[in-house]
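Examining the three-dimensional arrangement
Given next are the chains, with one letter for each unit.
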Amino acid sequence: MSQAASTHAELDPRKALPFPKAVLPVLRNPQLRKNVAHAIDVIQAKRARLVAEKSDWQDLRAAASAIRAHALENLGAYLEQFEERCAAAGGTVHWAADADEARRIILDLLREEKASEVIKIKTMTSAEIQLNPYLEANGVQAFETDLAEIILQLGELEPSHIVVPALHVNRSQVREIFAQRMGLKELSDDPKELTNAARAFLRQKFLSIPTAISGANFLIAETGAVAVVESEGNGRMCLTLPRTMITIAGIEKVLPRFQDMEVMLQLLARSATGERMNPYTSLWTGVTSGDGPQLFHVILLDNGRSSILNKTKERQTLKCIRCAACMNTCPVYRQTGGHAYGSVYPGPIGAILTPQLMQMHYAQSLPFASSLCGACFEVCPVKINIPEVLLELRAQGVNQERERTLRFFDPMYIGLRIANWLFAEAGRFHAAQWLGRIGLKLFTGKDGWIHWLPSVGEKWTQTRDLRGLPKQSFHEWWAKRRIQANKEAQ
Amino acid sequence: MIGMLSSRQRILDSVRSATEGVSGSPARRAEAYAALPRDYIRHGKLRAKVRIKLMIERLREYDAEVTETTPAELPAAIQARLAASGRHSFVVPPGVPDEWLAAGFDWKIDRNLAIAEIEEAEGVVTASSCGIADSGTIVLHHSESEGRRVLSLLPDWHLIILRASQVVETLPEYFSRCKEPPELITWISGPSATADIEMTRIKGVHGPRFLNVILVHDEVGPKKDPELRTAENNSAKAE
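Fair warning: this is a prediction, and the values are worked out from it, not measured in the lab.

Looking only at helices and strands, chain B has 7 helices and 12 strands in total. Expressed as a percentage of the 239 residues in chain B, the buried residues total 55%. Sequence separation of 24 or more characterises 73% of the internal contacts of chain B that already satisfy a separation of 6 or more. As presented, chain B carries roughly 10400 Å² of accessible surface, and 52% of it is formed by carbon and sulfur atoms.

See below:
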């Protein structure tokens, strides 16, 4: 397998390396970075054109933000309403406090069905709870049906984006995977031919496997309906052909009313893929006699979400409708792709969602994986102020660190105490400047930049250059200028 | 079961205590909901003719094939489209008018057809419930004349009959017409597609690869915010 595709990725935040370490192999992989940059440039250009076409874009964002915030503020009531209406329409609602419970509920349902195989619509929530490996370990084979997910599943790769999970894989890498795993040696790397190969590969599975698993884009409290937004029709296949449908959804996915979709649907496709509307959106309400699955289960997953709800600033994280516009616009994601984030949720939203889902026990490095430029906030269709949450989580991380380490051995603490003492008095400050100028001269290159510093200084210089100190400080220049002026006056 | 019940209680308790200061009584919640800002465009401004033109333009941008006709000439228009497709075997939902089943083709009416029979058909002809010009979207409510969901999914070629009077300009207009949300809805915007390989848009993955629309000019003068009429009412009326 080619190098870019086989870059190992650990997406379990409990096991993943901190971002600055995880990012190193990616930065040394030009093919992967090229694939990511290409895909993102295409989406961004399309998005920009179609967003510009909507004269009421900002009004839509304001409405979407308010609807999502309102839904979260009243989440208990709306969840209960959803449960009641969905059950009245013939669905069965389950509640899962954590990933483990969700996995067990799904396995029990599959065992009831005597299912040894299951077809899946792309769902990031199922990736979050690491469902596929669990099912496999328990004798159930899960078949992904979204094209990108098939590429990843057959290539044994990890997703690097929440909307286009295989955007880090290029056509020749896809060809390699399909040729090997589908036994199609003659396959070319034409995307059309590759797509047709996937169509043929899955057709029989759709027609023969009677159990399906999906995620949900929206749960409608008013009617108990569930909506799935997709492009390929694999969703429609899974939603109509099987006998049993199992949907897993985070508890935050609720919208108060059916009508609220008029706002979300206008924002979602434009933000996600740069289309006026995605090819297919399906909505179903419990079970409909004579049409589609006759057994329907919804699993409402908490897995750390209710603890995010608790905090005023952080609550907005849960407004997310998973469009991925924030990662497409992020200058950090553009360079690194998704794997360095060590989570199925990469990019800016991942940087705030993942550590919070982990209740700040893991992934604490992610809030620092940002330049705080604010581009993510600007594009977010539901106006999540990601930089604000990033800063809040950084503060929490620093406080945690402070509690954990002995103060007088903490370089950050010592450094700041010294800085505090130096900056407190002008004489000390000038002396430090003078010393620094001499000391840093050793490391300053001919171009006036410092590219490497020893010891603690390397933490800065390993990822960025530092401008060498100027020959003269402003103070010195000012003082000289006054002396000059005085001389001239005499 | 006991474990599930306790998780339900635990999650709801935790959600409730987290939102204690901000959530309210049902009355306060309804009030807060009603006060949500909705300054986006809810009513279109285009004249009927321009609206229909936009609908057609947007459909064509998705690679859908669109032709226009009048109610009287609809059966002939269907016949012409079927002939042009080079296909012979078609399925239809049970509620479409007999006039749609053009002579010279092999028709199967979906009265509990087996999946294999639908899969074998080369095409499907259905009515529809609404067209949204702004995004080129056609909405199916899966009534008797639109068929169950699988019917318009398995055949590779889908012909949708859309009436001009069903076309609104904006998505919010569809929702405000849709006072009683149906149990099943499919919003279709162009044929099945993917861009998963290098963001190259490929038409046709699992759903129908060919989307065809006949737009029927049945305009009978302006109506004041009509309720969304179901597709069979419309088709019955046109005959």
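Right, let's talk about the packing of aromatic side chains for a bit. All names here are of chain A. For the structure shown, the criterion picks out 15 aromatic pairs over all chains. Ring plane angle 80° and centroid distance 5.4 Å describe the contact between Phe423 and Phe429, whose orientation is recorded as edge-to-face. The class of Phe429 is partly exposed, set by a relative accessible area of 30%. With centroids separated by 6.2 Å and ring planes inclined at 50°, the aromatic side chains of Trp477 and Trp478 adopt a geometry described as tilted. Cation over ring: Lys205 sits above Phe201, and NZ or CZ is 5.2 Å from the ring centre. The ring centre of Trp460 lies 4.3 Å from the NZ or CZ of Arg464, which sits over that ring.

All names here are of chain B. An order of β1-β12-β7-β4-β2-β3 is seen for the 6 strands of this open sheet, with the pairing classed as parallel. Two strands lie at the open edges of the sheet, namely β1 (65-69) and β3 (106-109), each paired on one side alone. When the angles between neighbouring strand axes are averaged without regard to direction, this sheet yields 20°. With 2 bridges joining them, strand β2 (residues 89-92) and strand β4 (residues 123-126) adopt parallel strand pairing. Note that in β4 the partner of Phe90 across the bridge is Gly123. Its contacts with the sheet place helix α4 (residues 74-85) against β1, β2, β3, β4, β7 (157-163) and β12 (210-216), and it is angled at close to 160° to β7.

Residues and elements named next belong to chain A. With the rule as written, the count across this model stands at 0 disulfides over all chains. Cysteine Cys320 remains unbridged, with the sulfur of Cys326 as its closest cysteine sulfur at 6.6 Å. On the basis of relative accessible area, Cys320 is assigned to the buried category, the value being 8%.

On to helix α4 (residues 57-73) of chain A. Residues and elements named next belong to chain A. Over its 17 residues, α4 extends 24 Å from the first C-alpha to the last, a length consistent with the 24 Å expected when each residue adds 1.5 Å. Counting buried residues in α4 gives 12 out of 17 residues, a clear majority hidden from the surface. Turning to α4, its buried residues are Trp57, Leu60, Arg61, Ala63, Ala64, Ser65, Ala66, Ile67, Arg68, His70, Ala71 and Leu72.

This part covers the pattern of salt bridges. All told, the structure shown has 30 salt bridges over all chains when counted by the stated rule. Between Asp12(A) and Arg14(A) there is a salt bridge, with its nearest N and O atoms 3.3 Å apart. Ionic pairing is found between Arg322(A) and Glu252(A), a salt bridge with its closest N-O pair at 3.3 Å. Of the two residues, Arg322(A) is situated in the loop between α14 (305-309) and α15 (325-329) and Glu252(A) in the loop between β7 (244-250) and β8 (254-255); the sequence distance between them amounts to 70 residues. As far as burial versus exposure is concerned, Arg322(A) and Glu252(A) are alike and both buried. Via salt bridges that share partners, Glu53(A), Arg270(A), Arg276(A) and Glu61(B) belong to a single interconnected network.

All names here are of chain A. Together, Trp434, Leu435 and Ile438 make up an exposed nonpolar region whose accessible area comes to about 350 Å². One can find Ile438 in helix α21 (residues 426-441). The class for Ile438 is partly exposed, based on a relative accessible area of 47%.

In this complex, chain B contributes 75 residues to the contact, which on the side of chain A involves 96 residues. For the pair chain B and chain A, the summed buried area comes to about 7500 Å², and 58% of that belongs to carbon and sulfur atoms. On the chain B side of the contact with chain A, Ile197(B), Met199(B) and His206(B) bury the most area, a combined 11% of that side's loss. Along the contact surface separating chain B from chain A lie 12 salt bridges. The closest approach of N and O atoms between Arg16(B) and Glu80(A), which form a salt bridge, is 2.8 Å. If you look at where chain B meets chain A, you find 39 residue pairs in polar contact (both at pLDDT 80 or more). If you tally residues by element for the side of chain B that touches chain A, the top one is helix α1 (residues 2-18) of chain B, at 11 residues.

Residues and elements named next belong to chain A. Reading across from one edge, β1-β10-β7-β4-β2-β3 is the order of the 6 strands in this open sheet, with parallel pairing throughout. Among the strands making up the open sheet, the edge pair consists of β1 (91-96) and β3 (141-144). Strand-to-strand twist across the sheet, computed as the mean angle between neighbouring axes with direction ignored, equals 25°. Note that strand β4 (residues 211-214) and β7 share 4 bridges and pair parallel. Of the residues in β7, the one forming a bridge with Ile213 is Ile246.

Phe178(A), Phe218(A), Phe258(A), Met261(A), Tyr174(B) and Trp187(B) are the most contacted members of the largest nonpolar core, which totals 154 residues. Each residue touching Phe258(A), except ones within four places of it in the same chain, is listed here: Ile220(A), Glu222(A), Leu283(A), Tyr174(B), Phe175(B), Cys178(B), Pro181(B), Ile185(B) and Trp187(B). Of all hydrophobic cores here, the second largest spans 20 residues; its members include Ile106(A), Leu107(A), Ala115(A) and Ile246(A).

Attention shifts here to helix α17 (residues 347-357) of chain A. Residues and elements named next belong to chain A. The element α17 is largely enclosed, with a buried count of 11 among its 11 residues. Of the positions making up α17, those classed as buried are Gly347, Pro348, Ile349, Gly350, Ala351, Ile352, Leu353, Thr354, Pro355, Gln356 and Leu357. Buried residues along α17 sit against α7 (124-128), α14, α15, α16 (331-336), α18 (375-379) and α19 (386-404). The positive-phi residue at the C-terminal boundary of α17 is Gln359, with phi of around 50°.

Residue and element names in this part refer to chain B. Counting buried positions along β7 gives 7 out of 7 residues, so the element sits mostly inside the fold. Residues of β7 alternate between two faces, with Trp157, Leu159, Ile161 and Arg163 on one and His158, Ile160 and Leu162 on the opposite face, all of them buried. Pairing of β4 with β7, which is carried by 3 bridges, proceeds in the parallel orientation. Note that in β7 the partner of Val125 across the bridge is Leu159. Of the strand pairs in this sheet, β7 and β12 are connected by 7 bridges, and their pairing is parallel. Residue pairing across strands places Ile161 opposite Ile214, the latter belonging to β12.

Each value, and the rule that gives it
- Residues numbered from 1 in each chain as written.
- Chains lettered and ligands numbered in written order.
- Predicted model: local features only at pLDDT ≥ 70, side-chain atom pairs only at ≥ 80, totals over all residues.
- Heavy atoms only, no water.
- Helix = DSSP H or I, 4+ residues; strand = E, 2+ residues; numbered from the N terminus.
- Buried < 20%, exposed > 50% of the residue type's maximum accessible area, 1.4 Å probe, protein only.
- Contact = heavy atoms within 4.5 Å.
- Areas by Shrake-Rupley, 256 points an atom, 1.4 Å probe, with all protein chains shown as cover.
- Phe/Tyr/Trp six-rings, centres within 6.5 Å; stacked < 30°, edge-to-face > 60°.
- Lys NZ or Arg CZ within 6 Å of the ring centre and 35° of its normal.
- Pairing = 2+ DSSP bridges.
- Axes fitted to C-alpha atoms, helices over the stretch in contact; angles between N-to-C directions.
- Disulfide = S-S within 2.5 Å.
- Expected span 1.5 Å × (residues − 1).
- Salt bridge = Lys/Arg side-chain N within 4 Å of Asp/Glu carboxyl O.
- Patch = residues over 30% accessible without salt bridge, like charges linked within 9 Å, V, L, I, M, F, W, Y side chains within 5 Å.
- Buried area = accessible area lost by both parts, 1.4 Å probe.
- Polar contact = N/O pair within 3.5 Å; in protein donor to acceptor, adjacent residues only side chain to side chain.
- Core = buried A, V, L, I, M, F, W, Y, C linked by side-chain atoms within 4.5 Å.

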